[in-house]
Each structure stands twice: as C-alpha cells, then as structure tokens.
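A look at the structure
This is what each chain is made of:
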Amino acid sequence: MARPRRQTVRLTITLSLAVVLACALMYTSFSAANPTVDPSTLLREAQPGRAYELTGVVVAHSVRREGEVLTFQLADRQGGSAVTVNYTGEVPDPFREGREVIVTVRRGPNGTFVGERNSLITKCPSKYKAAPRSGSRS
Amino acid sequence: MEGVVPLIALLLLVAVAAFVSAPVRNWLLDRQQPQGEGDGDGERIAALEAERLAKLRELADAELDFRSGKLDEGSYLFLRERLGREALAIADALAAAESADLEQRDRVGEEEDRKDDRPAVEVPLKHRSAAKGTGAAADAEGSGKT
Amino acid sequence: MAGLGRACLLLVLGVCGYGVFAGLYAARFARSRGARESWLESARRSVYAVAFLTTVAMAVLEIAFLRNDFRFYTVATTSSRTTPELYRAAAIWASQEGSLLLWTWLLSLWSSLILFLTRRRLREAAPYATAILLGFAAFFDSLMIFYANPFQTLRRVPTEGDGLDPLLRFPTMILHPPMLYSGYTLSIIPFAFAAGALLARRIDAQWIRMVRRFALASWLFLGAGILLGARWSFAELGWGGYWGWDPVENAALLPWLTGTAFIHSLMIQERRGMLKVWNASLVLATGTLSVMGTFLVRSGVLDSIHAFGASTLGVPFVILIALMIIGSIYLVVSRLELLRSDHRLESLLSREAAFLANNLVLVGLCFVVFWGTYFPLISKAINGQQASVGPPWFDRYTVPLALILVALTGIGPIIPWRRASWAGLRRHLAAPAGVAVVVAIVVGYAGAAASPSALAAVSLCSFAVAITVGEVWRGVRVRMAVAGELLPVALVRLVSRNRRRYGGYLVHTGIAVLIIGVAASSSFLHQQERQLQIGQSIKVGLYQVKYVKPTAALLNGPDHTGATIDIGAVLEATKGGKRQFLLKPSEGFYPTTEPGQGPVSALIGGQAVSHVAISSGFGGDFWSAVEPNIHTPRLTEILERANRIVSPTNATQAVIALAVLLREYLRNPPPAQFNLISYPFVEWVWLGGLIGLLGALIALVPPPPPLPARLRARVGAALGVTAGG
C-alpha cells in the first residue's frame with residue numbers, strides 16, 4: 001500500500017535528519033567548550049591560546065584595581081598555589097575576597113592569566129542561599 | 001504558651017482525620033450514598049460529550065474559515081459534509097449511551113428500593129422513615145419512567 | 001510555634017500516605033461504584049487537607065518573619081530587624097527550606113483547585129492522578145522533615161538576624177519565585193493526569209479537554225515566571241542583560257518549550273486522533289523537566305549563581321527524576337496499543353504538518369538548551385574533563401531555530417487543516433510576505449542590515465504579525481457583514497466566541513513582538529564601561545553622557561532597601577546638544593555580621609548592591625550602573641580612624657562617622673566606574689511578553705456556556721436533518 005509506506009519514508013527521513021543534526025550539535029559542543037579547571041590544574045596544564053573556565057577562591061588581600069583592570073589571585077578551595085588574573089569588564093556585586101568565582105582565562109605574559117571581558121561570575125557564598133546571577137558571560 | 005502547641009496539633013490531627021475519612025466512613029455505615037453521576041458508563045458519556053463539543057467547534061471553525069475566505073466553497077462543502085456525518089455518528093452513540101445509562105439507573109434504583117426494605121444495619125426509627133421516604137420517592141420516579 | 005509548623009509537616013506526611021492508599025484502593029480494589037466514589041473522594045479530601053496544613057505551616061513561618069522571631073533558624077539567617085517589612089515577608093523563599101515549603105504549598109493549592117474543578121470528570125484516571133500528586137507532596141514534605149527543616153530552632157536566640165541578602169531586595173523578587181513555582185507545580189498536574197490516564201488505560205476526548213487547560217495554565221505561569229526573572233536580571237542586577245543562558249534560566253525554559261509543543265500537537269490529537277504517543281511523551285517530559293529544573297536550583301550540581309549551594313538534596317532528587325523517567329517510558333511503551341493513531345497525515349501541506357514542524361523545532365530547541373545546560377556533566381561523564389559552553393554556542397543554534405519557528409507561527413494560522421492547495425496559500429501569503437519584504441527594506445536601510453539575523457528576525461516577525469492582523473480583520477469583517485455589528489463590538493464578540501483561536505493569535509503576536517525586541521536589543525546595543533571623572537562625558541550610542549555630580553545618602557537610600565549608605569552619581573544624557581534625561585544610579589552598602597571589622601566598617605562591610613538607573617522609552621532604554629570607589633587613601637584613612645575612635649556599642653557615633661565619610665566623598669569625589677548601555681527596543685521584550693500572557697489568559701478562560709442548541713440547529717438545518725441527542 002502506498003500510504004503506509006509514504007508514512008514510513010517520511011518518518012525515516014525526519015528521524016535521520018534529526019539524528020544527523022543532533023550529532024553535529026553534540027560534536028561541535030565538544031570543540032566549542034572550555035574545560036573547567038581549578039588553579040592548580042591550570043598552572044600545570046594550561047596551553048597558550050586556549051581558553052579555560054577557571055574556578056577558584058579569591059585570595060585575601062590580592063585584589064587591586066589599576067584603572068580599568070582588576071587584578072586578583074585565585075587559589076584552590078583547599079588552598080595551595082595561586083593564579084594571578086588580570087581582568088577587565090563588569091565585576092559582579094558579590095565579588096570579594098574569600099568568595100568563589102568563575103572566570104574565563106587565557107595564558108598571558110609572565111605566568112599571569114588574562115580574564116576574558118565580562119566573563120567573571122561570583123558564586124553565592126553558602127551563607128546566602130539564593131543569590132541570583134550577578135555576572136555575565138557575553 | 002508553648003504548651004498549647006501540642007494541643008493545637010492534636011486538634012488538627014483529629015479534624016483532618018475526620019474530614020478526610022468522612023466519605024469512607026459514611027459509605028461503610030451505608031448512611032448516605034456519595035454523590036455520583038451516572039454509573040460506570042458515565043465516563044463514556046463524558047468522553048462522547050467532549051467529542052461532540054470538539055466536533056461542533058470544528059464545524060464552527062470551518063464555517064468561519066469559509067466566510068473569511070480562507071477555505072474555498074468546494075473544500076468547505078466537502079469538509080462540512082464529512083464533519084457533519086462524524087458529528088451525527090457521535091450524537092447517535094451519545095443517545096444510545098444515555099438511554100442505556102438511564103435504564104441502568106432505573107435498575108439500580110429498584111435494587112436500592114429493595115435494599116431499603118431490608119436494612120443491613122439496625123436503623124433508628126427516625127432514620128428508617130427518612131429512608132422509606134427516599135425509597136418511596138424513587139419508587140414513584142422509577143414507575144413513572146417505566 | 002515552631003513545633004506547630006513541624007507538626008503540620010508530619011501530619012502532611014501521614015495524610016499523604018493515607019491519600020495514596022485511598023487513591024490506589026479506589027483505582028484497583030474497590031468493588032462497587034459506591035466504594036470507588038467514596039475512596040476517591042477521601043483521597044481528594046486528603047489533597048485539600050494537605051493544602052490546609054501547608055497553609056497553616058506557611059502562616060506560622062510568615063508570622064515568625066514578620067515578628068522577627070529569631071528562634072527560627074530560617075528567620076535568623078535570612079531576615080533582620082533592619083530588613084524592610086515587605087522583604088521580610090518574602091524572605092520565606094530566600095532559603096532552601098523555605099522555598100521547599102513554598103513549592104509544597106503551591107502544589108497542594110493548585111492540586112486542590114484542579115481536583116475540585118474536575119471532581120465529576122475523568123473518574124478513571126482521577127484516583128491514580130490524585131495518588132501521584134500526593135506522592136509528589138510526600139516527597140517534598142519528606143525533604144523538609146529529614147533534610148531541610150523550615151522550623152528548625154536555635155538554642156541561643158540571636159538578638160539580630162543576618163538580614164535578607166541585599167541582592168534579593170527588589171520588588172520582582174517577591175513575585176518571581178511564586179510565579180515560577182506555580183508554573184512548575186502546574187505542570188506536575190498534567191503529568192499526574194497523563195500517567196493516571198495511561199494507568200487506567202483511558203485516553204479520550206474528555207482527557208484532552210482537561211489536560212489542555214492544565215497545560216495552558218502551567219505555560220502561562222512558567223512564562224510569567226521566566227519573564228519576571230529576565231526583568232529582574234535586567235532592571236535590578238548590575239550586569240545589564242536579561243538573559244545569559246545561565247543553567248537555572250535554561251532549566252525553567254525547558255519545560256516551557258515542551259509545554260508549548262504539547263499545546264499545539266494536542267490540537268492534532270483532538271481533531272485527528274493522531275500523535276498520541278508523541279503527546280503522552282511530551283506531557284510526561286514536561287513534568288519531568290519541571291522537577292529537574294527544581295532540582296538544578298538547589299543541588300549545586302551545576303555552577304550557577306542561582307544555586308542554593310551544594311547540598312545533600314541531590315540524591316533524593318536524582319532518585320525521583322530517575323523514577324519519573326523510567327515510569328514514563330514504561331507507561332508509554334506498555335500502552336502503545338492504546339495510543340495508536342486513528343488517522344494518518346494526509347498531506348505535507350496542511351496545518352497538521354505545520355504543527356508537526358513546529359513541534360520538531362521546539363523539541364530541537366529544547367534539545368539544544370538541554371545539551372548546553374547539562375554539558376558540564378555530560379562531558380565529565382564522557383571524557384572525564386568537565387567543560388562548559390558559553391552563550392555564543394547557545395545563540396548559534398537557538399537563533400536559526402527560533403527564526404524557523406517564527407516563520408511557522410506565520411504560516412500555521414493561514415494553512416487549512418487536512419489538505420491545503422498551493423493556489424489558496426499563495427493568495428493568502430502574498431500580502432503578508434509583501435509586508436515582510438517592505439519592512440526588511442525599510443529597517444535594513446535604517447541600519448539593521450549590519451546584522452543579518454536581526455534583519456531576518458524583524459522581517460519574519462512582521463510577516464507573522466501581518467498574518468495575524470489579517471486573520472482578525474477577516475473574522476471581524478464576517479461578523480460585521482453577517483451580524484451587522486460595529487467594529488469594536490464585532491471584535492469583542494469575535495474574540496469571545498472563539499477564545500482559543502484568537503487567544504492563540506494574540507500569543508503569537510506577543511511572541512513576535514518579543515523576538516523583535518530581543519533581536520533589536522541584542523544586535524544593536526552600545527555599551528561603554530569606563531571610569532569617569534566629574535564633568536567627564538562619553539558617547540554611548542546616540543547619546544552623550546556626562547557625569548555631573550556625586551550623590552550620597554545615609555540610612556535612607558532612595559530604594560528603601562535598608563542599605564546603610566547609598567553612594568551614586570547624577571548622569572546627564574544629551575543628544576545633539578539637547579538634554580534628554582537624567583539618570584541616578586547608585587550603589588548600596590549593607591551591614592555585615594562577619595567578625596574582624598571595626599564598628600563603622602561593619603555597618604558598610606557587607607554585600608554591596610548596584611542600584612541600576614534606567615530611562616525607558618518605546619524606542620529603547622538607557623541603562624546605567626555605577627561602582628563608586630570608597631577605598632581611596634583619604635576615605636580609607638577616615639574609615640580606619642573612625643573604627644579606632646568609635647565605641648562598638650554606640651550606634652549614633654558610628655552613624656556620625658559615616659556622615660563624615662560621605663561628606664568627604666561628596667567634597668572630593670574620586671573617579672567612579674560606570675557601566676552604560678544604550679538598548680534599542682528592549683521594552684518590546686516586556687511588552688511582547690505581556691501580550692503573549694494576555695493571549696494565553698484569553699485562551700484559558702472557559703467560553704460562555706456553549707450554545708449547543710443553536711449550533712445543533714444550524715448543523716441540522718444545513719444538513720437537512722435534526723441531530724439526535
């Protein structure tokens with residue numbers, strides 16, 4: 001019968017198309033993604049030219065603002081070696097020493113890292129349970 | 001002040017338990033039939049009703065489409081005839097289901113009248129006359145219908 | 001009083017347990033109709049009782065907040081005497097445990113309402129549905145009893161609480177969680193009725209009618225919640241955007257997308273008995289995605305600012321979600337016979353096909369957003385390396401899909417059911433297509449050609465709006481001709497008699513307006529982040545913006561949010577030399593209870609919050625935020641001296657010291673960091689959203705009692721017979 005076969009053909013074409021598109025999407029997501037690392041991993045493995053999502057705690061007394069650039073250091077949650085980040089762009093309200101932040105960085109000169117513009121996000125401290133988003137990644 | 005809290009909690013427990021279990025308790029004691037519409041076939045009637053409304057809406061939509069120029073006359077007439085036939089089929093099924101339901105209700109009513117004459121539980125006098133009253137009313141209704 | 005609240009939670013668990021038993025008994029073991037009816041009514045009453053008990057619990061907690069009863073741990077950690085009363089009242093849902101209570105309360109309220117309204121319908125599915133709803137209530141209630149107790153008390157009662165996080169002291173915060181949670185809980189209800197209908201093996205027209213309403217209600221509230229969240233982000237947070245593809249934003253969007261698909265494809269099932277498996281899967285998926293969304297916010301499993309922080313709630317939620325997924329798949333697969341289609345797709349050129357395409361696009365969008373949101377977990381599972389994708393990746397895939405969707409919203413209303421003809425289509429699409437081309441030329445000439453996707457969006461949206469307007473016009477014209485009504489009357493009667501259709505058209509219009517707003521505001525914004533001196537000015541878009549003078553307020557900030565000091569700026573915007581508007585952004589500094597700060601620093605050492613200033617207009621908004629520098633050497637010196645001199649117990653001295661600090665700031669204001677954005681047409685986003693929600697409301701309200709007699713007579717007359725029944 002022509003009808004059911006047409007139906008099956010349509011279904012097969014649609015499904016195949018969907019699967020192909022989904023695979024394309026999934027494949028490109030891996031290359032478009034930035035690995036999430038903590039400071040010690042970053043210091044060990046960072047390759048120049050690649051962007052990383054750095055997650056760490058802002059080290060006390062390390063925050064300095066020079067004009068447009070904010071410089072601070074990030075360390076692992078348990079402490080340890082710190083990474084220096086030079087960042088330009090929006091600084092979310094909850095940002096301060098001792099808070100956990102996420103920032104997209106690339107290797108910069110002299111062992112420091114350059115933060116991507118407007119990529120700084122501050123995670124809510126455990127005391128404040130429901131802080132809304134205050135950072136952008138544009 | 002704090003001592004009153006357990007009391008309130010207990011009160012809530014009792015009130016909630018009473019409220020929630022009331023339908024089942026009533027049914028168990030056979031004091032009062034819970035409000036129900038139709039019987040087992042009520043679902044089918046409700047479904048047919050919904051189908052009928054949907055079909056009538058389709059007809060109205062088709063007419064609106066035709067009047068506003070979205071549908072040409074030929075397609076509209078063809079569609080209307082097809083929908084009309086489907087609507088009639090539903091209406092027939094509905095009528096059949098409704099009359100079957102009515103018959104069943106009469107039968108159930110008669111059974112209940114018979115049950116009232118033989119109370120399962122010793123019912124105090126004033127309740128019995130009330131029950132007899134309902135029985136009598138149902139009886140009249142039943143005989144009126146048949 | 002805390003004991004009463006906890007007692008209510010325990011009672012709720014007991015009632016849920018009984019109710020689940022009663023519902024299942026009514027479904028499977030009751031032997032007579034009378035038995036089934038009474039056990040079902042008992043189960044329904046259990047839901048009412050849960051609503052009552054959770055209301056009592058909410059009242060206990062709310063009263064504790066309003067009375068500053070710091071014996072309650074929740075009150076002590078999220079409220080304070082200095083928190084303004086309105087925010088104290090809303091602080092219930094600022095904490096993990098409080099928001100769980102809100103969720104349970106809303107679930108029980110909505111379930112009670114809907115079970116009451118449908119108490120005479122869906123008799124076979126209702127017992128299962130009631131049991132499932134009570135199961136969900138029991139789950140959330142158990143979380144509160146065993147993991148996050150809203151009624152936990154402190155042995156040592158503090159004299160002052162920590163205060164509500166200043167980031168939450170905004171009006172939208174009061175509305176957003178209740179709306180969003182209503183959306184979530186309202187999608188659990190169609191889930192329950194779908195599972196119930198599958199369990200009872202009865203899916204019919206009645207089920208379609210009921211579930212359509214539930215799904216539309218959930219869509220409305222979810223949409224409102226998402227819109228409020230975006231508005232909150234834009235108008236009240238310091239980053240100046242309304243959507244950042246944050247995991248929690250996405251989590252709410254996912255069930256909304258599947259819900260939208262469901263509302264459309266359900267129409268096909270209603271008319272043609274097709275897509276039953278698809279619809280069942282969609283409605284079950286929507287409920288599951290809602291629970292996943294709720295889970296995401298509070299599990300800490302993904303990095304998001306919204307998260308409630310890492311918690312132990314993750315495991316129970318994962319188990320629930322796994323149960324929902326496995327249960328849904330099992331139900332659909334085991335009832336495939338019941339879900340077989342009555343008809344087949346007749347033509348690829350038909351409204352059915354258009355709706356199918358719409359569904360595919362929406363599910364595609366859902367897949368993209370889902371993949372991107374959960375990618376950190378997926379990549380970690382696949383290659384051990386956690387990675388995340390950013391907004392550019394989301395935009396790359398969602399924008400084309402959204403454009404296709406807009407085109408479909410245009411074509412859908414025009415194309416007839418079952419089978420369309422090319423000639424007819426051409427005739428009806430010609431004028432709107434013409435409109436789209438004209439708009440594209442005009443807008444492109446005006447500068448939009450710089451962004452092809454924005455140009456395409458505006459053009460396609462005009463196409464969709466033109467078609468909708470044409471539809472309404474045609475319908476009104478028919479009424480005016482046939483019923484002799486005047487235009488306004490005809491319009492009102494037309495919409496009121498065909499609420500589903502014209503409500504739907506209004507929703508489409510709203511979405512089109514919203515997308516124009518999104519396209520224009522994201523492609524053509526101008527942003528400057530600069531440090532400005534007094535008197536310095538800078539060009540942002542079409543405006544010249546000057547930092548005129550600083551502002552400072554002590555204890556009585558303009559937003560009445562309880563900030564100790566509020567430091568800001570006055571900005572003047574001019575265009576072509578003529579003054580357009582003034583803006584007064586500021587930053588509020590709040591007290592802290594962290595130790596180690598001097599008495600004066602403690603008053604301003606807490607969370608700093610940006611108070612954004614926006615100048616709104618139909619053609620665009622100007623958004624401004626300021627980050628004043630209070631750490632200059634001179635100001636730091638004053639602060640340190642004050643910390644030494646002021647006695648820790650003397651509040652008046654501390655306030656006077658702050659006044660000195662502020663006076664110095666006003667006298668010698670240092671340069672401040674400004675974030676300035678010129679946002680064309682962003683108001684269209686909110687406007688479009690509101691129009692869409694209004695359309696949904698119109699489509700939701702039940703029509704005036706149907707006139708079956710009149711319709712029946714017309715049908716009969718037309719066919720030359722009288723329809724029976």
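Residues numbered from 1 in each chain as written. Chains lettered and ligands numbered in written order. Predicted model: local features only at pLDDT ≥ 70, side-chain atom pairs only at ≥ 80, totals over all residues.

1. Comments concerning the overall build of chain C
In plain terms, the rule: Numbering of helices and strands runs from the N terminus, with a helix taken as a DSSP run of H or I at least four residues long and a strand as a DSSP run of E at least two residues long. In this treatment the radius of gyration is a C-alpha quantity, and the globule benchmark scales as 2.2 Å times the residue count to the 0.38 power. Note on burial: count the other C-beta atoms lying within 10 Å of the residue's C-beta; 20 or more is buried, 12 or fewer is exposed, in between is partly exposed, and C-beta positions come from the backbone. Contact between two residues is assigned when their C-beta atoms, built from the backbone, lie within 7 Å.
Looking only at helices and strands, chain C has 22 helices and 11 strands in total. The globule rule puts the C-alpha radius of gyration for 725 residues at 27 Å, and the 29 Å found for chain C is close to it. C-alpha atoms of chain C, sized along the principal axes, occupy 95 × 65 × 60 Å. Expressed as a percentage of its 725 residues, the buried residues of chain C come to 57%. Relative to all contacts within chain C whose residues are 6 or more apart in sequence, the contacts with residues 24 or more apart total 76%.

2. Comments concerning the environment of Arg44(C)
All names here are of chain C. Structurally, Arg 44 is set in helix α2 (residues 33-66). For Arg 44, a count of 27 C-beta atoms within 10 Å corresponds to the buried category. Spatially, the C-alpha atom of Arg 44 lies 41 Å from that of Phe 375, the residues being 331 residues apart in sequence. Discounting residues that sit within four places of it in the chain, Arg 44 has contacts with Leu 115, Arg 119 and Thr 130.

3. Concerning the nonpolar core
How we decide: Any set of buried Ala, Val, Leu, Ile, Met, Phe, Trp, Tyr and Cys residues joined through C-beta atoms within 7 Å is what this text calls a nonpolar core.
Core analysis: the biggest nonpolar cluster contains 265 residues, and Phe193(C), Ile515(C) and Ile516(C) have the highest contact counts within it. It is helix α8 (residues 205-236) of chain C that contributes the most residues to this core, 20 residues altogether. Sequence-distant contacts of Ile515(C), that is, excluding residues within four places in its chain, are made with Ala402(C), Val406(C), Ala457(C) and Cys461(C). Judged by nonpolar contacts, the second largest core, of 21 residues, contains Val58(A), Val83(A), Val85(A) and Leu120(A).

4. Focus on helix α6 (residues 126-147) of chain C
Note the following rule: How far a helix is expected to stretch is found by multiplying one less than its residue total by 1.5 Å.
Over its 22 residues, α6(C) runs 31 Å from end to end, which matches the ideal 32 Å to within 8%, given 1.5 Å per residue. Counting buried positions along α6(C) gives 16 out of 22 residues, so the element sits mostly inside the fold.

5. Concerning helix α19 (residues 633-645) of chain C
Residue and element names in this part refer to chain C. Quick reminder of the rule: What the arc covers is the set of directions going from the helix axis to the C-beta atoms.
Taking 1.5 Å of rise per residue, the 13 residues of α19 would be expected to cover 18 Å, and the 18 Å separating its terminal C-alpha atoms lies within 8% of that figure. Every buried residue of α19 is accounted for by Ile 638, Leu 639 and Ala 642. Viewed along the axis of α19, the buried residues span an arc of 95 degrees, placing them on a single side of the element. Facing away from the buried side of α19 by over 90 degrees, the exposed positions are Pro 633, Thr 636, Glu 637 and Arg 644.

6. Some words on the interface of chain B and chain C
Under the convention used in this document: Three classes are used, and their members are as follows: Ala, Val, Leu, Ile, Met, Phe, Trp, Tyr, Cys and Pro are nonpolar, Asp, Glu, Lys and Arg are charged, and the others, Gly among them, are polar.
Between chain B and chain C, the contact holds 48 residues from the first and 45 residues from the second. Looking at the side of chain B that touches chain C, the elements with two or more residues in it are α1 (4-28), α2 (42-67) and α3 (73-117) of chain B. The element best represented in the side of chain B that touches chain C is α2(B), accounting for 15 residues. Per-class residue counts for the side of chain B that touches chain C are 27 nonpolar, 9 polar and 12 charged.

7. Here's the deal with the pairing of strand β6 (residues 578-583) of chain C
Residues and elements named next belong to chain C. Applied cut-off: Here, strands pair whenever DSSP counts at least two bridges between them.
Of the strand pairs in this sheet, strand β5 (residues 565-575) and β6 are connected by 5 bridges, and their pairing is antiparallel. Note on β6: the bridge partner recorded for Ala 573 is Phe 581. Taken together, β5 and the strand that follows it, β6, pair antiparallel across an intervening segment of 2 residues, in which Gly 576 is found at a positive phi of about 60 degrees.

8. Thoughts on the environment of Ser218(C)
All names here are of chain C. Looking at the element boundaries, Ser 218 is found in helix α8. Accessibility expressed as a C-beta count within 10 Å gives 30 for Ser 218, which makes it buried. Spatially, the C-alpha atoms of Ser 218 and Ser 182 are 7.3 Å apart, while their sequence positions differ by 36 residues. Setting aside its immediate chain neighbours within four residues, Ser 218 contacts Gly 183, Leu 186, Ser 187, Pro 190 and Gly 259.

9. Quick notes on the domain arrangement of chain C
All names here are of chain C. This is how the line gets drawn: Reported domain spans reflect what an automatic or database domain assignment gives.
If you check the domain split of chain C, you get domain 1 (1-167), domain 2 (170-336 + 346-399), domain 3 (409-524 + 685-702) and domain 4 (526-684). In this structure, domain 2 and domain 4 have C-alpha centres spaced 40 Å apart. For the side of domain 2 that touches domain 4, the residue count by class is 1 nonpolar, 2 polar and 1 charged.

10. Regarding the sheet that holds strand β11 (residues 672-680) of chain C
Residues and elements named next belong to chain C. What counts, and what does not: A fitted line through C-alpha atoms serves as each axis, taken over the contacting stretch for helices, and the angle formed by two N-to-C directions is quoted from 0 to 180°.
The sheet built from 4 strands is open, its strands ordered β2-β11-β10-β9 with antiparallel pairing. With partners counted over all chains shown, the strands left at the sheet margins are β2 (526-532) and β9 (613-615), one partner each. Mean inter-strand twist for the sheet, computed between neighbouring axes without regard to direction, equals 15 degrees. Relative to β11, β2 is paired through 7 bridges, and the arrangement is antiparallel. Counted as the bridge partner of Gln 528 is Leu 676 from β11.

11. A look at unusual backbone geometry
Residues and elements named next belong to chain C. Not every positive phi belongs to a glycine, and Asn 68 is a case in point at roughly 55 degrees. Residue classification places Asn 68 among the partly exposed positions, given that 17 C-beta atoms sit within 10 Å. Even without a glycine there, the phi angle at Leu 122 is positive, about 45 degrees. Note that Leu 122 resides in the loop between α5 (96-117) and α6.

12. As for the packing of helix α15 (residues 452-483) of chain C against helix α17 (residues 499-523) of chain C
Residues and elements named next belong to chain C. Convention followed: Roughly parallel means an angle under 35 degrees; roughly antiparallel, over 145; roughly perpendicular, 65 to 115; everything else is oblique. Handedness of each helix crossing follows the sense of rotation of the near helix against the far helix: counterclockwise by less than a right angle gives left-handed, clockwise gives right-handed.
Viewed as axis vectors pointing N to C, α15 and α17 meet at an angle of 160 degrees, and their least axial separation amounts to 9 Å. Considered as vectors, α15 and α17 are oriented roughly antiparallel to each other. The hand of the α15/α17 crossing is left-handed. Listed contacts from α17 to Ala 454, Ala 457, Val 458, Cys 461, Ala 464, Val 465, Thr 468, Glu 471 and Val 472 of α15 are Tyr 502, Tyr 505, His 508, Thr 509, Ala 512, Ile 515, Ile 516, Ala 519, Ala 520 and Ser 523.

13. Thoughts on the pairing of strand β4 (residues 543-554) of chain C
Residue and element names in this part refer to chain C. When strand β3 (residues 537-540) meets β4, the two strands line up antiparallel, connected through 4 bridges. Residue pairing in the sheet places Lys 539 in a bridge with Gln 544 of β4. Between β3 and the antiparallel strand that follows it, β4, lie 2 residues; Gly 541 among them carries a positive phi value of about 65 degrees. In this sheet, β5 lies alongside β4 in antiparallel orientation, the contact comprising 10 bridges. Following the sheet pairing, Ala 553 is matched in β5 by Asp 566.

14. Section: the packing of helix α9 (residues 247-272) of chain C against helix α12 (residues 351-383) of chain C
Residue and element names in this part refer to chain C. Between α9 and α12, the shortest axis-to-axis distance is 9 Å and the interhelical angle comes to 160 degrees. Looking at the two axes, α9 sits roughly antiparallel to α12. The way α9 lies across α12 gives a crossing that is left-handed. Partitioning the contact of α9 with α12 into residue classes produces 15 nonpolar, 8 polar and 2 charged.

15. A word on the confidence of the model for chain C
Atomic detail in the predicted coordinates should be set aside for any region of low pLDDT. Residue and element names in this part refer to chain C. Which entries qualify depends on this criterion: pLDDT is a per-residue confidence score from the predictor, ranging from 0 to 100.
When the pLDDT values of chain C are averaged, the result is 89; 95% of them are 70 or greater. Overall, residues 721-725 carries pLDDT values under 50, and its contacts beyond four positions in sequence, including any with other chains, amount to 15 contacts. Taken together, the chains of this predicted complex give a pTM of 0.87 and an interface ipTM of 0.83.

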